[in-house]
Amino acid sequence: MIDYLCMRVLPLFMAKITLREIPSCQNCIYFEQINHPFTTKLSQCRRFGERDENGLITYEYADLCRKNKHKCGPDGNYFEPK
């Protein structure tokens, strides 16, 4: 029975899986690595930021930009290679 599943059924499920290249933030020109000893989630995306009244720009965290479909999104819509 297990041989049947491995030889007949499993390939049917495997045929439906497609792999796609999703770009990594670390390879993007907008990515600014912030070195922190405990996490990499503090890295910023220089593509998305807001300027305050003093002229300083506060950039969004890169991982949050990738989760937001209106910004870069999971597919990396604004990705530009280094």
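Quick notes on the rules
- Residues numbered from 1 in each chain as written.
- Predicted model: local features only at pLDDT ≥ 70, side-chain atom pairs only at ≥ 80, totals over all residues.
- Heavy atoms only, no water.
- Salt bridge = Lys/Arg side-chain N within 4 Å of Asp/Glu carboxyl O.
- Helix = DSSP H or I, 4+ residues; strand = E, 2+ residues; numbered from the N terminus.
- Phe/Tyr/Trp six-rings, centres within 6.5 Å; stacked < 30°, edge-to-face > 60°.
- Lys NZ or Arg CZ within 6 Å of the ring centre and 35° of its normal.
- Core = buried A, V, L, I, M, F, W, Y, C linked by side-chain atoms within 4.5 Å.
- Buried < 20%, exposed > 50% of the residue type's maximum accessible area, 1.4 Å probe, protein only.
- Contact = heavy atoms within 4.5 Å.

Student: Help me understand the pattern of salt bridges in this model?
Tutor: Pairing is possible between side chains that carry opposite charge, provided their charged atoms lie close to one another. Here the structure, examined in full by the defined rule, presents two salt bridges. Across the pair E32 and R46 runs a salt bridge whose closest N-O atoms are separated by 2.7 Å. You can see E32 sitting in strand 1 (residues 31-32) and its partner R46 sitting in strand 2 (residues 44-51), a full 14 residues away along the chain. Linking K71 and E60 is a salt bridge whose minimum nitrogen-to-oxygen distance equals 3.2 Å. One end of the pair, K71, is in the segment after helix 2 (62-67); the other, E60, is in strand 3 (residues 57-61), and eleven residues separate them in sequence.

Student: Quick question: what am I supposed to make of the packing of aromatic side chains here?
Tutor: Think of a pair of aromatic rings as described by two things: how far the centres are apart, and how the planes are tilted against each other in angle. In the structure shown here, the tally under the stated rule is one aromatic pair. Ring plane angle 75° and centroid distance 5.6 Å describe the contact between F48 and Y78, whose orientation is recorded as edge-to-face. Remark: Y78 occurs in the segment after helix 2 and F48 occurs in strand 2; sequence separation between them is 30 residues. Above the plane of the ring of F48 lies R47, whose end atom (NZ or CZ) is 5.5 Å from the centre.

Student: Sorry if this is basic, but what is going on with the nonpolar core here?
Tutor: The nonpolar side chains of a soluble globular protein tend to be buried, and buried together. Listed in full, the nine residues of the largest apolar core are C25, C28, Y30, F31, C45, F48, A62, C65 and C72. Mapped by element, the contributors of at least two residues to this core are strand 2 and helix 2. Not counting residues up to four positions away in its chain, the partners in contact with C28 are F79, E80 and K82.

Nothing here speaks to function; it is geometry throughout.
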